[in-house]
Structure formats: structure tokens, C-alpha cells
Amino acid sequence: MDRYPENFAVLVRDMAQEACAFGAAELQDDTDVAEMSVQRMEDCRVALEEEGVLESDACVQIKDMALCAVRLILSDLVDPEVRGDRQQEFSDACEPCPGNVDGKLWNRTRQLFIANAAFMCAEASGDEGAAEKHRRKFDKLSRAIAGFKPIGNEATTRDADEFAARAKEAIPATVVMFSGCMDSQTSADVFNTDSFALPTDAGPGGAGGACTTSMIKALSESENYSWVGLLKEMRSILAGTYTQIPMLSSSRAMDLNGQFSVLHSEASGRTRALLVGINYMGSTSELRGCHNDVHKMCTYLNKNGYADDCMRLLLDDGEHDEPTRANIIRGFEWLVEGAQAGDSLFFHYSGHGTSVRDDGDDEEDGKDECLVPVDFQAAGLLRDDDTFKHLVAPLQEGALLTCVLDCCHSGTILDLPYVFKADEEGLDAVESGQVNNLMPNADFDLGKMLQCIKDHPALAAGGAAITGLAYFTGGRQRASLVGMEV
């Protein structure tokens with residue numbers, strides 16, 4: 001077994017939470033609450049047995065693991081000298097792995113209990129940063145033990161119709177993203193874009209991002225591109241000097257040979273655009289061309305149905321609103337506010353991007369791709385989770401959002417379910433007719449989307465109908481089903 005059935009996984013998560021409730025009560029010397037939590041853990045154990053997934057001994061073992069994890073982490077706060085003994089108790093509780101449970105799943109169960117105990121202790125000690133880190137890890141492990149994790153190697157084998165249906169449930173709107181490079185690549189900041197020979201009316205010269213500049217160059221030469229045709233032309237413009245590979249990702253398995261446009265095919269007439277350019281003026285990470293990129297993109301949008309009063313610019317130039325983390329999030333909220341079927345929305349970002357370890361990932365190569373606000377040192381990065389939550393999740397079915405991200409590590413920053421890489425292999429496959437549509441994204445994490453909807457139901461447009469959402473709205477809300485008081 002490499003994942004638990006959903007009901008069983010909910011109960012494992014409940015066990016972790018009740019063990020932590022016991023630990024918190026112990027910290028406060030609240031005997032009554034501690035006793036109640038112990039009883040709830042026993043109720044959880046009984047409910048686990050009734051599911052018939054694991055033998056009785058293994059269900060007792062899960063209860064012991066949860067309790068020993070809390071005692072281990074609590075020892076760091078109350079009595080560090082006994083930590084060695086508590087570590088041994090926890091290790092003993094984890095052995096052996098039940099015979100019908102995959103070792104990786106059992107290890108995730110073990111990590112789940114530790115993560116939630118660490119979250120509880122961080123909250124108790126007032127460390128908000130650590131508490132958020134451990135909460136994220138607990139949430140991701142909760143999803144993983146129920147099988148809600150990136151589809152990985154199943155991307156090319158799972159049922160296409162089922163995958164498409166789940167993708168549409170999670171993201172009702174049509175979202176299309178051009179990224180300047182793959183997640184593993186950096187994106188060039190061009191010192192002088194004169195070599196691209198842009199028309200004089202395309203916007204300011206001087207420095208610029210390679211992705212934005214190649215896109216504007218291609219669009220200045222023709223207005224009649226397919227999606228793959230535009231990518232191919234961008235790649236051709238960059239070839240020889242720049243190694244970055246443009247990518248296209250989407251919420252739908254779009255026809256790569258379909259007509260490119262920044263306007264909805266059944267346009268309502270309503271347009272909005274948010275453009276962010278960050279040069280990080282005066283810092284050690286200063287860029288030169290991001291403001292120019294925004295002005296060039298504004299010029300293009302002006303010529304293609306977007307009026308100035310429908311655009312909002314965030315630039316660190318002393319003249320516009322600063323592209324702080326809070327302002328970018330407010331910009332996302334403004335962009336998607338009230339969006340309906342037929343609306344055309346556009347988001348352009350030119351600045352730094354980065355890739356950081358996903359706090360909630362138990363794999364060696366787990367990464368979060370991030371945008372870098374001008375105040376990142378004080379306010380933090382904008383992780384892909386944040387961008388999805390504020391920019392993608394709220395959009396209603398029938399709206400179109402087109403994004404251009406000219407930054408490093410931008411390949412899958414919106415976590416969209418379909419992707420196409422404009423490398424030689426990908427372009428040849430389209431040219432030969434072997435590939436006509438975007439392909440399922442092996443890194444697409446439906447569980448992360450569901451977690452977002454569960455945590456922020458007011459923001460998410462697609463929550464009510466999603467298959468599997470019950471798992472994320474379970475826990476204490478379904479406690480009465482296993483005889484627990486709430």
C-alpha cells in the first residue's frame with residue numbers, strides 16, 4: 001500500500017491533531033483537557049480499526065507514534081536532558097513497518113506526527129516563522145499519505161479525460177502562462193536590446209529581459225501566430241546567444257496550433273492588466289531592464305485592446321506604486337476581482353525569480369518557485385502557493401488570464417496542470433504531428449490546489465464541486481462520525 005484510503009488518512013491526521021492537543025494541555029497543566037485528548041485518541045484508534053485497512057496492532061502503533069512524537073518534541077521545550085530517551089521511545093514506536101504498508105508511506109506517517117508536534121511547540125513558544133514552516137509540512141504530508149501529491153511518472157499514463165476533468169474542477173478559468181525559462185534555468189537580463197532590432201515604437205530601448213524582448217520582437221513582425229509558433233519564433237530569436245528555453249503552461253490541454261491572442265475568443269469587452277517590473281535599485285541584486293520590459297509590454301497591450309485605465313503598474317522607479325509583496329498581492333486581487341466569462345486578463349512580471357526548498361516536501365528535489373518582491377528581505381518571497389491562491393484560484397469559469405513571467409526559475413511557477421517545453425524535442429514533436437496539445441504536467445499537485453481551496457474557501461472559485469475536497473474539509477469537522485466531541 002503506497003497511500004491510505006481517504007477516510008483512513010483523515011483519521012491518521014486526526015490522531016496527530018489530538019496528540020498535539022494532549023501536548024498543549026500538558027504544557028498548560030490542564031489535566032481535564034489532557035484526559036479528554038487521550039480519550040479522543042483512543043476513539044481515533046477504534047475508528048482506524050473499523051476501517052479495516054490495517055491490523056489492530058498497527059492501529060495501536062499509529063496511536064503510540066503520535067503520542068511519542070509529541071513527547072519527543074516537547075522535551076526540547078520542557079526537559080532537554082530526556083530527549084535521548086524520548087527519541088528512543090519514538091523510534092521503538094515506529095518499528096516495525098506493517099507488512100502491507102510501503103516503507104515510504106510509513107516514513108511519511110512518521111514525519112506527519114513529528115511535523116504537527118513541531119508546529120504545536122513552535123506556536124507555544126511564539127515562533128511564527130517556524131510554526132508556518134511546520135504547518136506547511138504537515139499539510140503536505142497529510143495530502144501525500146492520501147495520495148494527493150504530484151502525479152510524477154503517471155503523467156503520461158493516467159486517464160486523459162479524468163485528468164482533464166479534475167484539472168477543470170480545480171481551475172475553472174482558462175489560464176495560460178509564458179515563462180522565459182525552465183524551472184532549473186536562469187533568465188537573461190540583456191544589457192542592450194539594440195541587437196534585437198525592435199521597432200522604434202515598441203517602447204524604450206536599452207536594457208531588457210530576454211523573454212519579454214524576444215516576445216515583443218516576434219509580435220512586432222507578425223500578428224498571426226499559433227501558440228507554438230510564437231514560442232518557436234521566440235526560441236529562434238534567442239538561439240545562439242541565450243540558452244534559456246521558453247515554456248508554455250495552461251489550465252487546459254490547449255491546441256498548440258491554435259491562434260495566439262491576449263484577448264478572449266468570445267470577449268466580453270472587459271480587460272485588465274497588472275504589470276510588475278523590479279530593478280531592485282541600489283541593491284546588490286540590481287537589474288537594469290525590468291522597467292523597460294513593463295513599458296514595452298504596455299505599448300503592446302495598448303495596441304491590442306487594453307486601455308491605460310485598465311492597467312496597473314508596479315515599478316520601483318519612485319513614480320509608481322512600489323512592487324512590494326503586499327502591493328503585488330493587492331494587485332492580484334484587483335486583477336481578478338469580479339472577473340466573469342469572456343473577460344480578458346493579463347499579468348506580466350519582470351524581475352528576479354528564485355527556487356527554494358519546499359518546507360513541506362519529503363523528497364530530495366522538492367522545490368517551490370518564487371517571485372521576488374522589492375521588499376523580499378523584510379516581507380519574504382511570493383511562493384508559487386501564494387501566487388496560485390491570489391491569482392489563479394479565484395477566477396471563474398470562462399475567464400481568460402494570460403501571464404508572461406520574465407524571471408529565473410519560472411517554468412511552472414503557477415503550478416498549472418499542462419505544460420509544453422519549446423526545446424528541440426518538443427518543437428520537433430509538434431512539427432511531425434506527434435504532439436498537438438499541451439501535455440500533463442508531472443509536477444502538477446492537485447492536493448496543493450485542494451488544500452488552498454480548503455484553507456481559503458472565499459477565494460477559490462472551483463471549490464464546491466471538486467472530487468476529493470471532502471478529505472481536506474475533514475478532520476475535526478467529521479469528528480462526530482467517529483464518536484468524538486468537538
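The structure we're discussing is the one just above.
What counts, and at which threshold
- The residue count restarts for each chain, going from 1 along the sequence in the order it is written.
- The predicted nature of this model means local features are confined to residues of pLDDT at least 70 and side-chain atom pairs, given and counted, to a pLDDT of 80 or more, with totals for whole chains, interfaces and linings taken over all residues.
- Computation of side-chain values: all heavy atoms of the structure, hydrogens and water removed.
- Think of it this way: any DSSP run of H or I at least four residues long counts as a helix, any run of E at least two long counts as a strand, and we number them from the N terminus.
- Between the first and last residue of a helix there are one fewer steps than residues, each counted as 1.5 Å, and that sum is the expected span.
- Any pair of nitrogen or oxygen atoms within 3.5 Å is treated as a polar contact; in protein, a donor-acceptor pairing is required on top of that, and neighbouring residues in sequence qualify only through side-chain atoms on both sides.
- Definition of nonpolar core: a set of buried residues of the types Ala, Val, Leu, Ile, Met, Phe, Trp, Tyr and Cys, connected through side-chain atoms within 4.5 Å.
- Buried means the residue's accessible area, taken with a 1.4 Å probe over protein chains only, is under 20% of the maximum for its type, while exposed means over 50%, and partly exposed covers the values in between.
- When DSSP finds two or more bridges between a pair of strands, those strands are recorded as paired.
- Seen with its strands pointing away from the viewer, a crossover is right-handed if its path from the first strand over the helix to the second goes clockwise.

Digging into helix H5 (residues 103–124)
Structurally, the α-helix is built with 3.6 residues per turn, so residues lying three or four positions apart point the same way. Given a rise of 1.5 Å per residue, 22 residues ought to cover 32 Å, and the 32 Å separating the end C-alpha atoms of H5 matches this to within 8%. Where H5 begins, the capping side chain belongs to Asp-102, and its oxygen is found 2.9 Å from the backbone nitrogen of Lys-104. Positive phi appears at Gly-126, one or two residues downstream of H5, with a value of about 80°.

Description of the nonpolar core
If you look at the biggest cluster of nonpolar residues, it comprises 84 residues, and the most contacted ones within it are Phe-178, Leu-301, Phe-347, Tyr-349 and Leu-391. Among the nonpolar cores identified, the runner-up in size contains 48 residues, and Ala-19, Met-41, Phe-138 and Leu-141 belong to it.

Looking at the side chain of Thr-109
Within the secondary structure, Thr-109 is located in helix H5. Within polar-contact distance, the side chain of Thr-109 engages the backbone oxygen of Leu-105 at 2.9 Å.

Overview of the pairing of strand E6 (residues 311–315)
Of all five residues in E6, four are buried; the element is thus mostly enclosed. Inspection of the sheet shows strand E5 (residues 271–277) paired to E6 by five bridges, in the parallel sense. When the sheet's bridge partners are listed, Ala-273 is paired in E6 with Met-311. Note that the unit made of E5, helix H10 (residues 290–302) and E6 has a crossover that is right-handed.

A short note on the environment of Ala-170
Residue position: Ala-170 is located in helix H7 (residues 160–170). Separated by 276 residues in sequence, Ala-170 and Leu-446 have C-alpha atoms that sit 7.4 Å apart.

Some points on unusual backbone geometry
With omega at -5°, the peptide bond leading from Glu-95 into Pro-96 counts as cis. Looking at the element boundaries, Pro-96 is found in the loop between helix H4 (83–94) and H5.

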